[in-house]
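Listed here are the chains, written in short residue letters.
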Amino acid sequence: FFTFFTINFEMKKFYKQFWYRPLIKRIDLIFIPFREMIESINAHMDVPVRKIYSSGLGVDKINFDQKYTFDEESLTHLSCWVNDHEVELNDLTVCLESLWALNLDSTMPKRFKLHIFSNRKWKRNILYKPLQEKIAEYKLENYVEFHEADDIYNVRSDIWISYTSKSPIEDYALLAILKGIPTVVPRNATTQELHRIYHGSLETYRQGDARELRSKVKEIVLKNKEYK
């Protein structure tokens, strides 16, 4: 029989000690989602390149017959998703900092509004009060709106932004890409591979870097037809 191994994250640990070798030798083929991982697997597991196969991410363009943006045409709408388990405000703050800077930029044709989605009641969310305080600090009360949604297919926006790097890519960002919504996501091996495939649909930025996030959003707005 054949033994297959699938991995979708960058390896940190090395598996070259003698007690790993019998198990690794039993592997006939390793499936990885993007080819940038080949050298990492080869180096960390001492597996021949011929046994490593890049199977791709298994995604394709999907056509959705619905309107993706909001009714206020005088604004450019940004959206992001906050997971139920989020308890830290630091990562999300990058979105507010970028929003504040974008709305001060006189070269932008419209001001920006950020829509924050969650499937949890906001009044019960531990982040709601500190988020409101941060919004008040940046004087963004008129440019941030909270939404409660329990359906992933309700994702809509002019531009979708992702701020978390806890997973290679969040499912909401992936859905936005498949819907054809220009998307900005933290830079990692997975999102760089998606950028290579769908370069007209997304941009990447360094995790936590509000200045680069703002720059990427601005680039999408100024080159709207190209990204659409």
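The notes below deal with the structure included here. What you are looking at is a predicted structure, and each value in this text was computed from that prediction instead of being measured.

## Observations concerning the packing of helix H3 (residues 90-104) against helix H7 (residues 210-222)
Here is step 1 of the chain: Between H3 and H7, the shortest axis-to-axis distance is 8 Å and the interhelical angle comes to 55°. Taken together, H3 and H7 sit at an angle that is classed as oblique. The interaxial crossing formed by H3 with H7 has right-handed handedness. On H7, the residues that touch Val-94, Cys-95, Glu-97, Ser-98, Ala-101 and Leu-102 of H3 are Ala-210, Leu-213, Arg-214, Val-217 and Lys-218.

## With respect to the packing of H3 against helix H4 (residues 128-137)
Here is step 1 of the chain: Packing of H3 against H4 leaves a shortest axis separation of 11 Å and a crossing angle of 30°. Relative to H4, H3 is oriented roughly parallel. Between H3 and H4 the crossing geometry is right-handed. Across the interface between the two elements, Leu-92, Thr-93 and Leu-96 of H3 pack against Leu-131, Lys-134 and Ile-135 of H4.
Here is step 2 of the chain: Residues of the contact of H3 with H4, tallied by class, amount to 4 nonpolar, 1 polar and 1 charged.

## Observations concerning the pattern of salt bridges
Here is step 1 of the chain: Across all of its chains, the model carries 10 salt bridges by this definition.
Here is step 2 of the chain: Note that Lys-218 and Asp-105 form a salt bridge whose closest N and O atoms lie 3.0 Å from each other. Of the two residues, Lys-218 sits in helix H7 while Asp-105 sits in the loop between H3 and strand E5 (111-118), which places them 113 residues apart along the sequence.
Here is step 3 of the chain: For Lys-134, the salt bridge identified is with Glu-137, shortest N-O distance 3.5 Å. In this pair, Lys-134 and Glu-137 both sit in helix H4, 3 residues apart, roughly one turn of the helix.

## Some details on helix H5 (residues 171-179)
Here is step 1 of the chain: Counted residue by residue, H5 has 7 buried out of 9 residues, so it is predominantly covered.
Here is step 2 of the chain: For H5, the set of buried residues is Tyr-172, Ala-173, Leu-175, Ala-176, Ile-177, Leu-178 and Lys-179.
Here is step 3 of the chain: Buried positions along H5 lie against strand E4 (75-81), strand E7 (159-161), strand E8 (183-186), helix H6 (189-197) and strand E9 (202-205).

## Thoughts on the pairing of strand E2 (residues 29-32)
Here is step 1 of the chain: Side chains Ile-30 and Ile-32 project from E2 onto a buried face, and the interleaved Leu-29 and Phe-31 project onto a face without burial.
Here is step 2 of the chain: Bridge count for strand E1 (residues 4-6) against E2 is 3 bridges, and the pairing is parallel. Each residue of the ladder has a partner; that of Thr-6, found in E2, is Phe-31.
Here is step 3 of the chain: In the sheet, E2 pairs with strand E3 (residues 52-54) via 3 bridges, with the strands oriented parallel. When the bridges of E3 are listed, Ile-30 appears paired with Ile-52.
Here is step 4 of the chain: Note on the crossover from E2 through helix H2 (residues 38-45) to E3: the handedness is right-handed.

Cut-offs applied
- Residues numbered from 1 in each chain as written.
- Predicted model: local features only at pLDDT ≥ 70, side-chain atom pairs only at ≥ 80, totals over all residues.
- Heavy atoms only, no water.
- Axes fitted to C-alpha atoms, helices over the stretch in contact; angles between N-to-C directions.
- Helix = DSSP H or I, 4+ residues; strand = E, 2+ residues; numbered from the N terminus.
- Parallel < 35°, antiparallel > 145°, perpendicular 65-115°, else oblique.
- Left-handed = near helix turned anticlockwise from the far one by under 90°.
- Contact = heavy atoms within 4.5 Å.
- Nonpolar A, V, L, I, M, F, W, Y, C, P; charged D, E, K, R; others polar.
- Salt bridge = Lys/Arg side-chain N within 4 Å of Asp/Glu carboxyl O.
- Buried < 20%, exposed > 50% of the residue type's maximum accessible area, 1.4 Å probe, protein only.
- Pairing = 2+ DSSP bridges.
- Right-handed = clockwise from strand over helix to strand, strands pointing away.

Such coordinate-based values are descriptive only and should not be taken to indicate function.
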